[in-house]
There are 2 protein chains.
Amino acid sequence: MKLGSSDLAGMDRRYRAAFVNCLSGFKAANLVGTREPGGDCNLAIMSSAVHLGSHPPLLALVMRPDDAGQHTLANILASGYYTVNHVGEAFFAAAHQTAARYPREVSEFAEVGLTALFDGDFPAPFVAESSIRMGLELREHQRLAINGTNLVIGEVVTVELPQETVGADGSIDIAAAGTVTLSGLDTYYAVHSLGRQPYAKPGTS
Amino acid sequence: MKLGSSDLAGMDRRYRAAFVNCLSGFKAANLVGTREPGGDCNLAIMSSAVHLGSHPPLLALVMRPDDAGQHTLANILASGYYTVNHVGEAFFAAAHQTAARYPREVSEFAEVGLTALFDGDFPAPFVAESSIRMGLELREHQRLAINGTNLVIGEVVTVELPQETVGADGSIDIAAAGTVTLSGLDTYYAVHSLGRQPYAKPGTS
C-alpha cells in the first residue's frame, strides 16, 4: 500500500502516532535516570538515543515536550547529569511502565520495582538491574524549531559493563548483555545475530 | 568493568569507535537513496535514523562529515529530497557494502547489486528490495557545533509498505516486513518479539 502526506495527515491521532513511530526502524531501549538536585529521583524509558561521535563519546536524546520525559528533561537541565542504562530482557516490562505519567515527586524506580544505584558522587541514579550503564554530562541542549522537540547532547563520562561482552576489537556484544530493542511505542524484541560484516571497501562486494 | 573519560580518551581510535558505537543500543538499519540533480544515484547505509514527531511525520538523520555518507548529504542539500528504505534480512550484506567509499560518480546500487526504483516524479531513488520505503523532503539541516556532525531533518511525504504488516491500531509489524537491526559498526540482527506492552498508566505495574 502507498500513502502520501494527506493520508498521513488524515489519520486519527493515535493511529498516526503508532504508525509513524514504526517508520524509523528498530530503536534503542534505554532507561534515563536523573535526580532533581537535592531531591527526587526520576526514571524514564527513551527510544531516541543516537550515537553522535566517539571522541569525545557523545550521545543525543530526543525528548518531546509533552511526554512523561518532562521531569527527566527538567532534572537534566537543573543538574547537568544523567544516566543511560540499557533495557534488559529480564526487566523490559518494568522499564516500559516508567512511561506512565507519574507526579514529579514519585520515583519511578520504586513504582516499577527497579533499583536506584548511586556510584560515588555521580549526581544521577543508575539502574542496578541494567548490564550496561553509562553516566553522562550534559554538553548541549536545544529546542528544535521545527516541532519543539528537545535535542539533549551528553558526553559519556563513565561506562560500566560486563567485561566478557567486550571483544578484542572493542565492539560490545550487547545481545549477550541482554539488551533488547523496540519498535513503535510498545513492542519489545530480543535479537539473534545474522553475523558481522567485513569492513566495507570498494570492490569487495 | 568500569571505565571513565580518561580510559575512553586513551583507547586506540578504531577500538574506541567500535566500543562507543555500541553504547547507544540497537540501531535502525536504513538505506538512504539520493540523486545528484540531473546526475548520478547514491545509496548509503545509515544507522542514525530517529523519530522526531508524528504530525507532521519527521525523521532525523545524523551524518558524519567524513564518512561514505558525504555524497548523500551533498545530494540531499542540492536536491531537497531523499528516500529512507528499511534494510531487510534478505539483503543486509549488500546494504552494508554501500558503506564503502566509492567515488561520487559510482552508483552503489549497481556496485552492491540492489535495484534503484523511481516512482513518478519523486527526485530520489527507492530501493526495490526494501519492504518499507519512504520518500522524504528536507526540512532542516544544521551542523552541530559540538563535533561537526550534520543533523538532517526531513518530512515523510510518501510511504510504501506491505498492507498486511499494518495493525488495526496503526502499528507496523516491521519484524514481519523483514527489517533488521544492527549494533555498533557492523553486526546485524534479526529479532523475535517479546510481546507488546500495555499503554503505561500509573498504578498498573
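Treat the numbers as computed from the prediction; the structure is a model and nothing was measured. (Residues numbered from 1 in each chain as written. Chains lettered and ligands numbered in written order. Predicted model: local features only at pLDDT ≥ 70, side-chain atom pairs only at ≥ 80, totals over all residues. Heavy atoms only, no water.)

### Remarks on empty space enclosed by the protein
To keep it simple, the criterion reads: Space inside and on the surface of the protein is sampled on a 1 Å grid over the protein atoms alone, with a cavity defined as a set of points where a 1.4 Å probe fits but cannot get out and a pocket as an open set with protein on both sides within 12 Å along at least 5 of 7 lines; lining residues have an atom within 4 Å of a point. Grid points are joined across faces, edges and corners, and a volume is the space filled by probe spheres set on the points. Working definition: helices are DSSP H or I runs of at least four residues, strands are E runs of at least two. Numbering for both runs from the N terminus. Residues are sorted three ways: Asp, Glu, Lys and Arg are charged, Ala, Val, Leu, Ile, Met, Phe, Trp, Tyr, Cys and Pro are nonpolar, and all the rest, Gly among them, are polar.
Across all of its chains, the model carries three cavities of 30 Å³ or more by this definition. Volume-wise, the largest cavity comes out at about 50 Å³. Along the walls of the largest cavity sit A:Lys2, B:Asp119, B:Phe126, B:Arg133, B:Thr158, B:Val159 and B:Glu160, which together make up its complete lining. In terms of residue count, the dominant contributor to the lining of the largest cavity is strand 11 (residues 150-160) of chain B (three residues). For the lining of the largest cavity, a count of residues per class yields two nonpolar, one polar and four charged.

### Points about the packing of aromatic side chains
Short version of the rule: To pair, rings of Phe, Tyr and Trp, with the six-membered ring standing in for Trp, must have centres within 6.5 Å; the planes then decide the type, stacked if under 30 degrees apart, edge-to-face if over 60, and tilted in the middle. Burial here depends on accessible area, computed with a 1.4 Å probe over protein chains only, as a share of the maximum for the residue type. Under 20% is buried, over 50% is exposed, and the range in between is partly exposed. Placement of a charge over a ring requires the Lys NZ or Arg CZ to be within 6 Å of the ring centre, with the centre-to-atom vector within 35 degrees of the ring normal.
Within this structure, the stated rule accounts for eight aromatic pairs over all chains. Between A:Phe26 and A:Tyr189, the ring centres sit 5.2 Å apart and the planes meet at 80°, which makes this aromatic pair edge-to-face. Here A:Phe26, found in the loop between helix 2 (13-20) and strand 2 (27-28), pairs with A:Tyr189, found in strand 13 (residues 187-196); they are 163 residues apart in sequence, far enough to count as distant. Like A:Phe26, the residue A:Tyr189 is buried in the burial classification. A network of ring pairs unites the aromatic residues A:Tyr81, A:Phe122 and A:Phe126 as a single cluster. Above the ring of A:Tyr199, the side-chain terminus of B:Arg14 is found at 5.4 Å from the ring centroid.

### Regarding the interface of chain A and chain B
Note the threshold: Contacts are assigned to residue pairs with any non-hydrogen atoms lying within 4.5 Å of each other. As used here, buried area is the combined drop in accessible area, with a 1.4 Å probe, of two parts when they are placed together. Salt bridges are defined as contacts in which a side-chain nitrogen from Lys or Arg sits within 4 Å of a carboxyl oxygen from Asp or Glu. The pairing criterion for strands is at least two bridges between them, as found by DSSP.
Contacts between the two partners involve 100 residues from chain A, matched on the other side by 100 residues from chain B. Counting each side, the surface lost to burial between chain A and chain B is near 8,800 Å², with a carbon and sulfur contribution of 62%. Our count for the contact surface shared by chain A and chain B stands at four salt bridges. The greatest single-element share of the side of chain A that touches chain B, amounting to 10 residues, is contributed by strand 13 of chain A. Classifying every residue of the side of chain A that touches chain B by side-chain character gives 49 nonpolar, 33 polar and 18 charged. With nine bridges joining them, strand 13 of chain A and strand 13 (residues 187-196) of chain B adopt antiparallel strand pairing. Across the sheet, residue A:His192 finds its bridge partner in strand 13 of chain B, namely B:Ala190.

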